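The lines below spell out each chain.
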Amino acid sequence: MATTTAPTTDRVFVETTPAERTGTLHRIIVYALLVLCAALVLIPFLWMLSTSLKTQDQLFTREINFIPNPIVPENYIRVWERLNSIKPGMTFTRIIGNTLFITVLAMFGEIFSASLVAYGFARFRWRGRNLVFAIMLATIMIPGIVTRVPGFLIWKELGLLDTYDPLTWPSLFAWGPLYVFLMRQFFLSIPRDIEEAAIMDGANVAQVYWYIMLPLIRPILLAIAVLSFQGNWNNFQGPLLYLSTPEKFPLALAMRFFDQSLSKEAPQWHYMMALATMMAAPVLLLYFLAQKQFIEGINIGAVKG
Amino acid sequence: MTDPGALQSYWPTLVRYVLVAIGVGLIMFVVYRVQIAFGVKREAATGRALVMPWVIGFLIFNVFAIGASLYLSFTEYNLFKAPEWVGTQNYQELFSLHLASLDSRGQRSSDVLPRRYEEIIRVEVGDGGLVLGAKEDGFWRAMRLNLPYALLNVPLGLLGALGVALLLNQKVRGLSFWRVLFYLPAVLPAVAMALLWRWMFSQTGIINTLFAPLYQVMNIETPRWFTDPSYAMTAFIIIGLWGVFGANSVILLAGLKGIPQELYEAAAIDGAGAWAKFRHVTIPMLSPSLFYNLVTSTIAALQIFEVAAFIPTSEAVGTFLNWQIYQEAFNFRNMGMASAMAWVMLLIILALTALIFRSSSAWVFYQGAREEAA
């Protein structure tokens, strides 16, 4: 792997050896490739930003301009005015509120239930545990489409279509097996002595969980909170299936609504990219603030998997 | 929130959310008490009570739902009338495939196919050729697009990810910076990204503008990426790769970092060159991470949804399985047929994962397992 030579003490002359020269060349190639990959990642992203700040006549030009002239940040307000012109209820605060409402409730339910279930799998011995755990992991493979039709029918029977219920409280049933798995791995890495001491002192399970385990698993709770926020904020399939009143839409559906009603004949890419940027912004912000948690969260599963 | 309409739609859900949470707590308590009453040890009783939230969800949203889906796949059901049992009719329709031969080049497919069969694949060889037709043409067109897509996208993505992970493992400066950057596409909302790519690949979009001189030199027309079958796969692969390979490389990098340096030193003492080290140390040690990536990206590639929902394609191109089934169920209201299609898809995914798992014993190396055997 390491082609750079370690500095040796017996070399007195400052002179580049062939090995060092290939080392420099090697580094140049590595960085050139990294920069190329970075460009491939960033160009589409920058194009989204750039488009969102253009006027309509700047959209279809013969040359590629990344810097709009003039720059029109008003797009971010006008896109909502356009939406309100056909659906007065779809205001910015309402749609953001809907998205946050769904995201926060689902995220909270996911974290809470997953931590309980993971605790049960990691810290208590009971007959059938390994089998149940294996079944839980196997459910990851079931494609969502198989349960989608019956799921829809269940909510229809309950009379809860076009409410936020299907998107929020089922999270209390640990609907993300992956999160349970990640937390279990983390529980397993915590030494048992601390909780055993507490049990000796007469603490019950709820107390041990709340006062001892939760503070100890804070890093993984944070990591999962971040992943879960992102997953629920970006969720499209669930809302598409269950919500039908435009005023109740989260951002993902508002985007689809704009696309299908206002952008059908002549695509309004500047407005659509403004919406896309608005939807990506909170997730990006969270990502940059909590990058450590993000990377940790995705890696725990992968390395031990 | 000053909007009264918003509160009206929030609070009933909030109330039910709290009630369900209390209900789950009660069930956990009852499960614990009942076990204690039957003389189960406290530790086991607590453990079982704690996993109850998942068990309840599993029974309702997996076991019951999957059973219901299987039942529905043998019925005709449009939501307005009760499901009507039709036996294997849906599956028979679904697998109504017909292979016919063409008598001459350019002969219309409809001339050689039976009524209600539409062309799926057409191959012209010499003076004649073959045509494969199907009754459920939408589904088979989705298969025609989705299976080759997965077959190309998964290995390409894995190779690309491995390449980037190896680059990042070269003791580069600012590792966390590169890592954050490369993981970026996986964080962005799939919905926003699907729209962005539709815009970039559109007729007058940035990609066609960029390559306009190239088209002129090669003397080809400006591609219509999502309506022309000869371009659609390329466009979808690019979109798919952009979305995953950075993220996968971050996962593989963690695997690379976990390889003990001693192994490379030992290999060097044995006279191993760079390639030998890669082949006999890196690959075996990384195989569990590669395996994990292979499984998850195969499942993901077969379940593309947002891209299909936001990027309209022509009939000649077809769409992705997940979206095709979604439309069958919720646009055309053929719940029975959609369930049958979903079951075929489930079986395909299970077969592929089983295949990967079976093959894993040949190439995935688990350190712990080897040590135990030794």
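Residues numbered from 1 in each chain as written. Chains lettered and ligands numbered in written order. Predicted model: local features only at pLDDT ≥ 70, side-chain atom pairs only at ≥ 80, totals over all residues. Heavy atoms only, no water.

Time to look at the environment of Pro219 of chain A. Residue and element names in this part refer to chain A. By the element assignment, Pro219 lies in helix H10 (residues 218–234). Residues Pro219 and Phe186, 33 residues apart in the sequence, show an inter-C-alpha distance of 9.2 Å. The residues touching Pro219, leaving out its near neighbours within four places in the chain, are Phe186, Gln293 and Glu296. (Helix = DSSP H or I, 4+ residues; strand = E, 2+ residues; numbered from the N terminus. Contact = heavy atoms within 4.5 Å.)

This brings us to the sheet that holds strand S4 (residues 118–125) of chain B. Residues and elements named next belong to chain B. The sheet built from three strands is open, its strands ordered S3-S5-S4 with antiparallel pairing. Each of the sheet's edge strands pairs with one partner strand only, and the pair in question is strand S3 (97–102) and S4. Mean inter-strand twist for the sheet, computed between neighbouring axes without regard to direction, equals 15 degrees. The pairing of S4 with strand S5 (residues 128–134) spans seven bridges and is antiparallel. Residue Ile121 lies in a different strand from S5, and its bridge partner there is Leu132. Across the sheet, helix H6 (residues 137–168) lies against S3, S4 and S5, angled at about 50 degrees from S4, the strand it touches most. (Pairing = 2+ DSSP bridges. Axes fitted to C-alpha atoms, helices over the stretch in contact; angles between N-to-C directions.)

We now examine the interface of chain A and chain B. Listed per partner, the contact involves 106 residues of chain A and 99 residues of chain B. Of the roughly 9600 Å² buried between chain A and chain B on both sides combined, carbon and sulfur atoms contribute 76%. Counting the contacts that link chain A with chain B gives three salt bridges. Where Arg125 of chain A meets Glu43 of chain B, a salt bridge forms, and the shortest distance between an N and an O atom there is 3.5 Å. Between chain A and chain B we count 21 residue pairs in polar contact (both at pLDDT 80 or more) in total. Here the side of chain A that touches chain B takes 17 residues from helix H1 (residues 18–52) of chain A, the largest share from any one element. (Buried area = accessible area lost by both parts, 1.4 Å probe. Salt bridge = Lys/Arg side-chain N within 4 Å of Asp/Glu carboxyl O. Polar contact = N/O pair within 3.5 Å; in protein donor to acceptor, adjacent residues only side chain to side chain.)

With that settled, consider a nonpolar patch on the surface. Side chains of Leu7, Trp11, Leu14, Val15, Val18, Leu19, Ile22 and Leu26 of chain B sit close together on the surface and give an oily, nonpolar patch of about 770 Å² of accessible area. Inspection of the secondary structure assignment puts Val18 of chain B in helix H1 (residues 4–37). (Patch = residues over 30% accessible without salt bridge, like charges linked within 9 Å, V, L, I, M, F, W, Y side chains within 5 Å. Areas by Shrake-Rupley, 256 points an atom, 1.4 Å probe, with all protein chains shown as cover.)

In this structure, Trp197 of chain B sits in helix H8 (residues 190–200). The buried category is assigned to Trp197 of chain B, whose relative accessible area is 5%. Along the primary structure Trp197 of chain B and Phe211 of chain B are separated by 14 residues, whereas in three dimensions their C-alpha atoms are 16 Å apart. Each residue touching Trp197 of chain B, except ones within four places of it in the same chain, is listed here: Pro44 of chain A together with Ile207, Phe226, Ile238, Ile239 and Trp242 of chain B. (Buried < 20%, exposed > 50% of the residue type's maximum accessible area, 1.4 Å probe, protein only.)

Time to look at helix H2 (residues 75–86) of chain A. Residue and element names in this part refer to chain A. Helix length check: H2 (12 residues) gives 17 Å between terminal C-alpha atoms against 16 Å at 1.5 Å per residue, within 8%. Listing the buried residues of H2 in full gives Asn75, Val79, Trp80 and Leu83. End-on view of H2: buried residues confined to an arc of 145 degrees, all on one side of the axis. Exposed and facing more than 90 degrees away from the buried side of H2 are Ile77 and Ser85. (Expected span 1.5 Å × (residues − 1). Arc of directions from axis to C-beta.)

Once that is clear, we can look at the packing of H6 of chain B against helix H10 (residues 229–257) of chain B. The axes of two packed helices give the description: the angle between them and the distance between them. All names here are of chain B. One way to put it is that H6 packs onto H10 with a least axis distance of 6 Å and a crossing angle of 40 degrees. The orientation of H6 relative to H10 falls into the category oblique. The hand of the H6/H10 crossing is right-handed. Here the residues of the contact of H6 with H10 sort into 20 nonpolar, six polar and one charged. (Parallel < 35°, antiparallel > 145°, perpendicular 65-115°, else oblique. Left-handed = near helix turned anticlockwise from the far one by under 90°. Nonpolar A, V, L, I, M, F, W, Y, C, P; charged D, E, K, R; others polar.)

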